[in-house]
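Listed below, chain by chain, are the residues.
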Amino acid sequence: MADETHEFIPYSRQEISDADIAAVTDQLRSDFLTQGPVGGEFERVFAERHQVKHAIGVSNATAALHIGCLVFGVGPGSLVWTCPNSFVSSANCAIFCGAEVDFVDSDPVTRNMSLELLTAKLEAADKLGKLPDVVIPVDFSGLPCDLSEMRALADTYGFKILEDASHATGATYKGLPIGSAQAHATVFSFHAVKIVTTGEGGMIVTQDDELAEKLRLLRSHGVTRDEGLMQRASEGGWYYEMVDIGWNYRLTDVQSALGLSQLAKMDEWREAREARADRYDALLADGPFKRPARFNDRVSSWHLYAVELTADAKIGRAEMFAAMREAKIGVNVHYIPIHTQPYYEKLGFTRDQFPNSVAYYDHALSIPLFPAMTDAQQDRVVETMLRLAA
Ligand SMILES: *Cc1c(COP(=O)(O)O)cnc(C)c1O
């Protein structure tokens, strides 16, 4: 059944239900637009769902990455490694802290940070006495990284893992939710295109009590009303203390009310995304496309379904992108490798330094995937792709 409507099909689209709208309007009528009880409730339910002790809501994932770096002591003189196949935030957070950034190239199969290249780079860095303080692996498209092996390397070489799971809300690794077991702290994004949304928003989770306390402080100006954290005796009921330099990175109660309502659908949506991914796998099997790899020990949240055009494609990626958009199909490209951005080039990085991420970028196309996608819409995407490329 072809989709004859020829409406624009976006690469991603949020799902907003009547229940979400009711949750937001109820919140607007309540006493708290921010810093009320719903923020804590959203954090509690998110933590429970990801089987992690602490979840700290923040204004976006970039803010979460920033304070995540800070609680691991990242500052001038520190070294942070991430993967070029990510959004710029994964590297920028270290720059915010005055640290030095370097990259570990992606793996051609997983498209995540290569375990092999990470291992080799650590061995070389160890000899030079230039080990990273923090490594930020990114669960690209929602597929968890090689987290057990990375944690073993972290324990050997003494760095912290700040996992960028902006794509991976609801994903699992070796039977456990992302954020619960391997990374020292894990970051999620609730931007409108992500798995669950608060419009803008983010969360950072950790099993570590001390880190959680510090993260809460940095999220809100470094200010505390908790006498246990104060350096002086309280001067009265009004008293608060600023004990560290912090930011205003708070998530509002209106956003949290939406997030809480969205969380109820998370598992259902993941299954719907996976069913679409399975169907793409089957329908595109004979086309000139390298499809996402599958692994038995991890469950993707399927934020993206990205293909790479193979040498057999009769059209280049740029032409394919333009023709798909012309056909009102909202394809996208994730990601322009971070190290090739003008800002990072000025820091001294060169394009050919991380060839896997560049080769991936040159052929990659993210095609529409969202929970409410219909068979007819998906058929139109597939038919258009095969007509153009096969
Ligand atoms: C979306 C995204 C971010 C940034 O998230 P915001 O909430 O928009 O700040 C960071 N890293 C990755 C991998 C992302 O996809």
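Residues numbered from 1 in each chain as written. Predicted model: local features only at pLDDT ≥ 70, side-chain atom pairs only at ≥ 80, totals over all residues. Heavy atoms only, no water.

Moving on to helix H7 (residues 209–219). Along H7, the residues that are buried comprise Leu 211, Ala 212, Leu 215, Leu 217, Leu 218 and Arg 219. Buried-residue contacts for H7 involve helix H2 (37–49), strand S1 (54–58), helix H3 (61–71), strand S9 (202–206) and strand S10 (223–224). Where H7 starts, the residue carrying a side-chain oxygen 2.9 Å from the main-chain nitrogen of Glu 210 turns out to be Asp 208. Looking one or two residues past H7, His 221 carries a phi angle of roughly 70 degrees, positive in sign. (Buried < 20%, exposed > 50% of the residue type's maximum accessible area, 1.4 Å probe, protein only. Helix = DSSP H or I, 4+ residues; strand = E, 2+ residues; numbered from the N terminus. Contact = heavy atoms within 4.5 Å. Polar contact = N/O pair within 3.5 Å; in protein donor to acceptor, adjacent residues only side chain to side chain.)

In this section: the domain arrangement of the protein chain. Domain parsing of the protein chain yields domain 1 (18–263) and domain 2 (266–389). Each of domain 1 and domain 2 has a C-alpha centre, and the two are 26 Å apart. Each partner contributes to the interface: domain 1 provides 43 residues, whereas domain 2 provides 37 residues. Contact between domain 1 and domain 2 buries roughly 3400 Å² in total, counting both sides, with carbon and sulfur atoms accounting for 58%. The largest contributions to the domain 1 side of the interface with domain 2 come from Phe 103, Arg 111 and Ile 195, which together make up 19% of the buried area. Linking domain 1 with domain 2 are 3 salt bridges, by the criterion used here. Between Asp 146 and Arg 298 there is a salt bridge whose closest N-O contact spans 2.9 Å. Joining domain 1 to domain 2, the criterion identifies 23 residue pairs in polar contact (both at pLDDT 80 or more). Of all the secondary structure elements, the ones that give two or more residues to the side of domain 1 that touches domain 2 are helix H4 (89–96), strand S3 (100–103), strand S6 (172–173) and helix H8 (253–263). Take the side of domain 1 that touches domain 2: its biggest share by element is 4 residues, from H4. Among the residues forming the side of domain 1 that touches domain 2, the class breakdown is 22 nonpolar, 14 polar and 7 charged. (Domains from an automatic or database assignment. Buried area = accessible area lost by both parts, 1.4 Å probe. Salt bridge = Lys/Arg side-chain N within 4 Å of Asp/Glu carboxyl O. Nonpolar A, V, L, I, M, F, W, Y, C, P; charged D, E, K, R; others polar.)

Our focus in this paragraph is the sheet that holds strand S15 (residues 364–367). With antiparallel pairing, the 3 strands of this open sheet are ordered in space as S12-S14-S15. Looking at strand neighbours, the two that pair on one side only are strand S12 (289–290) and S15, the edges of this open sheet. In this fold helix H10 (residues 317–326) packs onto S12, strand S14 (305–309) and S15, with an angle of close to 20 degrees to the strand it touches most, S15. (Pairing = 2+ DSSP bridges. Axes fitted to C-alpha atoms, helices over the stretch in contact; angles between N-to-C directions.)

This next bit is on the site of the ligand. Neighbouring residues of the ligand: 15 residues in total, closest Thr 62, Asp 164, His 167, Ser 189 and Lys 194. Here an oxygen atom of the ligand and a side-chain polar atom of Thr 62 are 2.5 Å apart. Side-chain polar atom of Tyr 335 to an oxygen atom of the ligand: 3.0 Å apart, as the coordinates give it. When isolated, the ligand has an accessible area of 380 Å², and the protein chains bury 92% of it. If you list the elements that add at least two residues to the shell around the ligand, you get H3 and H4. Here the residues of the shell around the ligand sort into 4 nonpolar, 9 polar and 2 charged. (Near = heavy atom within 4 Å. Areas by Shrake-Rupley, 256 points an atom, 1.4 Å probe, with all protein chains shown as cover.)

A sheet is described by the order of its strands in space; here 3 strands give the open sequence S7-S6-S13, paired in antiparallel fashion. Lying at the two open borders of the sheet, with one neighbouring strand each, are strand S7 (176–177) and strand S13 (298–299). Pairing geometry for S6 and S13, over 2 bridges, is antiparallel. Residue Tyr 173 lies in a different strand from S13, and its bridge partner there is Arg 298.

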